[in-house]
Amino acid sequence: MRLLIVNHISVARESLKRNRMRTWLTTLGITLGVTCMTVILALSYGATKLVDDQVDALGGNIAVIRPGADKKIHDLRDAIIPLGGDSFSVSSLTERDFTAISELDGVEQAAPLMSVDGSVRSSNNKQIIDAPIVATTPALQTISDLKIKDGQFIDNVTNQNTAVIGHQLSIDLFGSDQSIGQLFKVRGQQFTVIGVLGPVNDSINYNNLNINNAVIVSLDSGKSFNQGIAQIRQINVKAKDASQLPALTKQIDQLLIDNHSGERDFSILTDKAISKPTSLLFKLVGIVAVIISSVSLLIGGIGIMNIMLANVAERTREIGIRKAVGASNYHITFQFLIEALVMSVSGGIFGFLLGYAVALLLGTFLPFNPGFTWWVPLASIGTSVFVGVLFGLYPALRAARKDPIEALRQYN
Amino acid sequence: MKKAESTSVISLRGLTKRYGVGDAEHTVLGNIDLEIKKGEFIAVMGPSGCGKTTLLNVLGLLDKPDEGEYLLDGKPVERITSAKRAEIRSRRIGFVFQSFNLVPRLNVIENVALPLAYTGTSHLKSIKRASAMLKQFHLNEREYYMPWQLSGGQTQRVAIARALVNDPSIILADEPTGNLDSKSSHIILEELSDIHRRGNTIIMVTHNPDMTTYADRVITMLDGKIDTDTKTAVVKNTRSTVDKKVTLGSRSKSSKRSKKERK
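Residues numbered from 1 in each chain as written. Chains lettered and ligands numbered in written order. Predicted model: local features only at pLDDT ≥ 70, side-chain atom pairs only at ≥ 80, totals over all residues. Heavy atoms only, no water.

## Quick look at the overall build of chain A
The cut-off we apply is this: Strands here mean DSSP runs of E at least two residues long; helices mean DSSP runs of H or I at least four residues long; both are numbered from the N terminus. A radius of gyration in this sense is built from C-alpha atoms; the matching globule rule multiplies 2.2 Å by the number of residues raised to 0.38. Partly exposed describes any residue whose relative accessible area lies between the buried limit of under 20% and the exposed limit of over 50%, with all areas from a 1.4 Å probe on protein chains only and scaled to the type maximum. Only heavy atoms enter the contact rule, under which two residues are in contact if any of them lie within 4.5 Å.
Across its full length, chain A carries 13 helices and 12 strands. Radius of gyration (C-alpha) of chain A: 30 Å, far over the 22 Å computed for a compact globule of 412 residues. If you line up chain A on its principal axes, its C-alpha atoms span 95 × 50 × 35 Å. Here chain A holds 412 residues, and 47% of them are scored as buried. Taking as baseline every contact in chain A between residues at least 6 positions apart, the subset at least 24 positions apart corresponds to 80%.

## Comments concerning the packing of helix α4 (residues 95-102) of chain A against helix α8 (residues 245-259) of chain A
Residue and element names in this part refer to chain A. The criterion, for reference: Between N-to-C directions, angles span 0 to 180 degrees; the directions come from axes that are lines fitted to C-alpha atoms, helices contributing only their stretch in contact. The handedness criterion is simple: a crossing whose near helix is rotated anticlockwise from the far helix by less than a right angle is left-handed, and one whose near helix is rotated clockwise is right-handed.
In contact at an axis separation of 10 Å, α4 and α8 are set at 145° when each is read in the N-to-C sense. At the point where α4 passes α8, the crossing takes the right-handed sense. On the side of α4, the interface is formed by Arg96, Asp97, Ala100 and Ile101, while α8 contributes Ile252, Leu255, Leu256 and Asn259.

## Some words on the interface of chain A and chain B
The line we're drawing: Accessible area, probed at 1.4 Å, shrinks when two parts are joined; the buried area is that loss added up over both. Salt-bridge detection follows one rule: a side-chain nitrogen of Lys or Arg within 4 Å of a carboxyl oxygen of Asp or Glu. Polar contacts, as used here, are pairs of N or O atoms within 3.5 Å; protein pairs need one atom able to donate a hydrogen and one able to accept it. Residues neighboring in sequence count only if both atoms are side-chain atoms.
Listed per partner, the contact involves 27 residues of chain A and 25 residues of chain B. Overall, the association of chain A and chain B removes approximately 2,200 Å² of surface from exposure, summing both partners, and the carbon and sulfur fraction of that is 61%. Per-residue buried area on chain A facing chain B is highest for Ile321, Val325 and Ile405 of chain A; these three make up 25% of the total on that side. Counting every contact that joins chain A to chain B gives 1 salt bridge. We note a salt bridge from Glu318 of chain A to Arg105 of chain B, for which the minimum N-O separation is 2.8 Å. In this structure, the connection of chain A to chain B is made through 5 residue pairs in polar contact (both at pLDDT 80 or more). Those elements that provide at least two residues to the side of chain A that touches chain B are α1 (2-18), α10 (316-324), α11 (329-363) and α13 (404-409) of chain A.

## Topic: helix α1 (residues 52-59) of chain B
A large share of α1 of chain B lies buried, amounting to 7 of its 8 residues. Those residues of α1 of chain B that fall on the buried side of the exposure criterion are Lys52, Thr54, Leu55, Leu56, Asn57, Val58 and Leu59 of chain B.

## Quick word on the sheet that holds strand β9 (residues 217-222) of chain B
Residue and element names in this part refer to chain B. Keep this limit in mind: Two strands pair under a simple rule: DSSP has to find at least two bridges between them.
As summarised here, the arrangement of the 6 strands in space is β6-β7-β8-β3-β9-β10, forming an open sheet in which the pairing is mixed. What marks the edges here is a single partner per strand, and that holds for β6 (93-96) and β10 (225-231). Direction aside, neighbouring strands of the sheet carry axes that sit 15° apart on average. In terms of strand pairing, strand β3 (residues 41-45) meets strand β8 (residues 201-205) through 4 bridges, oriented parallel. Within the sheet, the bridge partner assigned to Ile42 lies in β8 and is Ile203. Against the sheet, α1 touches β3, β6, β7 (170-174), β8 and β9, its axis set at about 155° to β7. Contacts from helix α5 (residues 152-164) reach β6 and β7 within the one sheet, and its direction differs from that of β6 by about 170°.

## Details of the side chain of Thr206 of chain B
Residues and elements named next belong to chain B. Relative to the helices and strands, Thr206 resides in the loop between β8 and β9. Exposure remark for Thr206: the relative accessible area of 2% places this residue in the buried category. A polar contact of 3.0 Å, which involves the side chain of Thr206, links it to the backbone nitrogen of Asn208. For Thr206, the residues in contact, after removing those within four places along its chain, are Ala43, Val44, Met45, Gly46, Glu175, Met211 and Thr212.

## Digging into the domain arrangement of chain A
This is how the line gets drawn: An automatic or database domain assignment provides the domain bounds reported here.
What the domain assignment reports for chain A is domain 1 (2-52 + 282-409) and domain 2 (93-264). With centres defined by C-alpha atoms, the gap from domain 1 of chain A to domain 2 of chain A works out at 51 Å.

## Digging into the side chain of Asp253 of chain A
Of note, Asp253 of chain A is situated in helix α8. When residues no more than four places from it in sequence are discounted, the contact partners of Asp253 of chain A are Arg264, Phe266 and Ile268 of chain A.

## Some details on unusual backbone geometry
Residue and element names in this part refer to chain B. Its identity as a non-glycine residue notwithstanding, Asp167 has a phi of 55°, on the positive side. The topology assignment puts Asp167 in the loop between α5 and β7. Although it is not a glycine, Glu175 sits at a positive phi angle of roughly 45°. Topologically, Glu175 is positioned in the loop between β7 and α6 (182-197). Note on Glu175: relative accessible area 12%, which makes it buried.

## Quick word on the pattern of salt bridges
The final tally for this structure, using the stated rule, is 22 salt bridges over all chains. Close ionic contact of Glu318 of chain A with Arg315 of chain A constitutes a salt bridge, the shortest N to O distance being 3.2 Å. We classify Arg315 of chain A as buried; its relative accessible area is 7%. Residue Arg409 of chain A pairs with Glu406 of chain A through a salt bridge whose shortest N-O separation is 3.6 Å. One end of the pair, Arg409 of chain A, and the other, Glu406 of chain A, are both in helix α13, 3 residues apart, so they sit about a helical turn from each other. Put simply, Arg315, Glu318, Arg322 and Glu339 of chain A together with Arg105 of chain B are held in one network by salt bridges that share partners.

## Some remarks on a nonpolar patch on the surface
Residues and elements named next belong to chain A. The line we're drawing: Like charges are joined within 9 Å and nonpolar side chains (Val, Leu, Ile, Met, Phe, Trp, Tyr) within 5 Å, but only among residues with over 30% relative accessible area and no salt bridge; these make up the patches. The accessible surface values rely on the Shrake-Rupley method and a 1.4 Å probe; as for residues, cover is taken only from the protein chains in view.
Judged by side-chain polarity, Met21, Leu25, Leu28, Leu32, Leu354, Val358, Leu361, Leu362, Phe365 and Leu366 come together as a nonpolar surface patch covering roughly 970 Å² of accessible area. Contributing elements (two or more residues each) for the nonpolar patch: α2 (20-57) and α11. Following the sequence through the fold, Val358 ends up in helix α11.

## Re the packing of aromatic side chains
Residues and elements named next belong to chain A. Rules: Think of it this way: a Phe, Tyr or Trp ring, Trp meaning its six-membered ring, pairs with another when their centres are within 6.5 Å, and the plane angle makes it stacked under 30 degrees, edge-to-face over 60, tilted otherwise.
Counted according to the given criterion, the structure contains 8 aromatic pairs over all chains. The interplanar angle of 85° and the centroid separation of 5.4 Å between the aromatic rings of Tyr45 and Trp375 together place this pair among those described as edge-to-face. Of this pair, Tyr45 sits in helix α2 while Trp375 sits in helix α12 (residues 375-400), and the two are 330 residues apart along the sequence. On the basis of relative accessible area, Trp375 is assigned to the partly exposed category, the value being 30%.

## Re the confidence of the model for chain B
Residues and elements named next belong to chain B. As a reminder of what qualifies: The pLDDT score gives, residue by residue, the confidence of the prediction method on a 0 to 100 scale.
Taken over all residues, the pLDDT of chain B has a mean of 82, while the share at 70 or more is 86%. Per-residue pLDDT stays below 50 along residues 1-5; that stretch engages in 9 contacts with residues further than four places along the chain or on separate chains. Every residue in residues 234-263 is under pLDDT 50, and counting partners more than four places away or in other chains gives 47 contacts. Reported confidence for the predicted complex is 0.82 by ipTM and 0.71 by pTM.

## Details of the sheet that holds strand β4 (residues 67-72) of chain B
Residues and elements named next belong to chain B. What the 4 strands build is an open sheet, ordered β2-β1-β4-β5; its pairing is antiparallel. Where the open sheet ends on each side, the last strands, each with one partner, are β2 (26-37) and β5 (75-76). Direction of pairing for strand β1 (residues 8-19) relative to β4: antiparallel, over a ladder of 5 bridges. The residue bridging Leu12 from the neighbouring strand is Tyr70, located in β4. Of the strands in this sheet, β1, β2 and β4 are in contact with α1, which crosses β1 at around 125°.

Have a look at this one:
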């Protein structure tokens, strides 16, 4: 049996070599499909891994509470609609929730995140930069492990109108990363820089915040932009002990349900759930891309079937001869199936390599690098095997079903 | 091969084969009874369309009869699976065709080794055996030629080498000399009678009455039926004078037969 496979592979190689041009073109079809797939898989894995690693680095004792019940995508409409809509809705999380959570026994620290809409303006009005503005409490620094490069993080005793800014923002706004004491305005309110954050390489994170460009102000400052009401989009909770986290999560869940008159209009994420692509759009783009790449694989597969049918028709006589000298239907099926597989698998391998090259290239323009893991090649090459079998089986069966007498009668 | 000389290798009872359906139905083989003993060299003669080739295809398990019984080595083959039929073809039967039927993409040695691939012989082993076989046919210098680089006679000898490489007990030859000139034809027939002398059963379809002189039994067919069935004693005599253990390579010139002899 093994010998026969070796034999079939050499026969397949021989016959594919004879029609080099069309073999290459057919293989190219699969290559491109697999390339698309590999790029998508590698990049989406890279993005997920980025957030995963952050969560891992936090030590597994972090829970994240977000407003709105856990959303499930029922159809494509669900996937698109909440994207724009939700960001403008009034959050179900309140400052009262935050305070209640902070006072729980198992909680070491908790930090609310409040996003403020507005742009940052240098005091001489020359620079206007759209930067994410976040109001929070000093606890965020320890929970999210933010590194201060210069100055200090916001704390409970500092003046209201002080801010900590990201490394890149400091450069963009003041032309230097040494910007302690500099002034800038947000919505007409003046802030003094008291700290600059160190540069970080994770612009995608579970805080949904690009730290390098962020302005971090105190929660009170944030509330002052919103008529004194905190509009909390996320609460980060750090448990005293990782082993207590499940129990703590239940406790928080109960607490918030009580606070929210019996309704679960929030979701608590722990562990890997935190690292799920924070944006639904991200997921959607991924899905659409996978669909497109599977269409291209489908086209590649049709190409294989087309060429294999031509091969079978051309070699009818050869099939007759092989049957006369003792090949069974199974042998003939196998021979042509292997031929299709040689094309699709080599397409899969080339596609995987090319896909990685493209992903690495794209990675230089993206805030994250493509991830490498065992299931990316497995999925790419596995898919190409699947396509080869799916589209190679029919021509192979057709070859095997040929009547040897008819086949021998056919002249080349 | 273990069976006694007198045992029937092939026995047909009431074999019938039809083509077409309804009004177009045409009986190619009608109620054929035939016993073929081990070691016979049979020439099948007859006009075109009398069913010679169909008979050969049925004997070679390429075609199935519509009615009647076909016993191969005393066992009916009617109910065996197509995979099993293929196995019998690969181990017991060697085909030689009028149009040679070498695979054009494969070189000579690969063509000869082809049947071995389906018996699970390793590549190296099958190439070795094919090479040894070609040597017997004095074609060892043509091993890496492509089929189109050979003359008709050489091509047919390659085809015979291929038919023999699995050491089959039955050789079915369908007008093996039909595409050859008379000189090459006689060379091919010499090869076949050498094989015959080794104890193989040969059934050869031919148009050429000259060629029947090599056979020890001549069957003529007409309209799908066996017309005459003669044992040719003269050939038997010739055969008995030749050492049975003669190898394929050492063709004895003395065994050339007179063409004046009746078939």
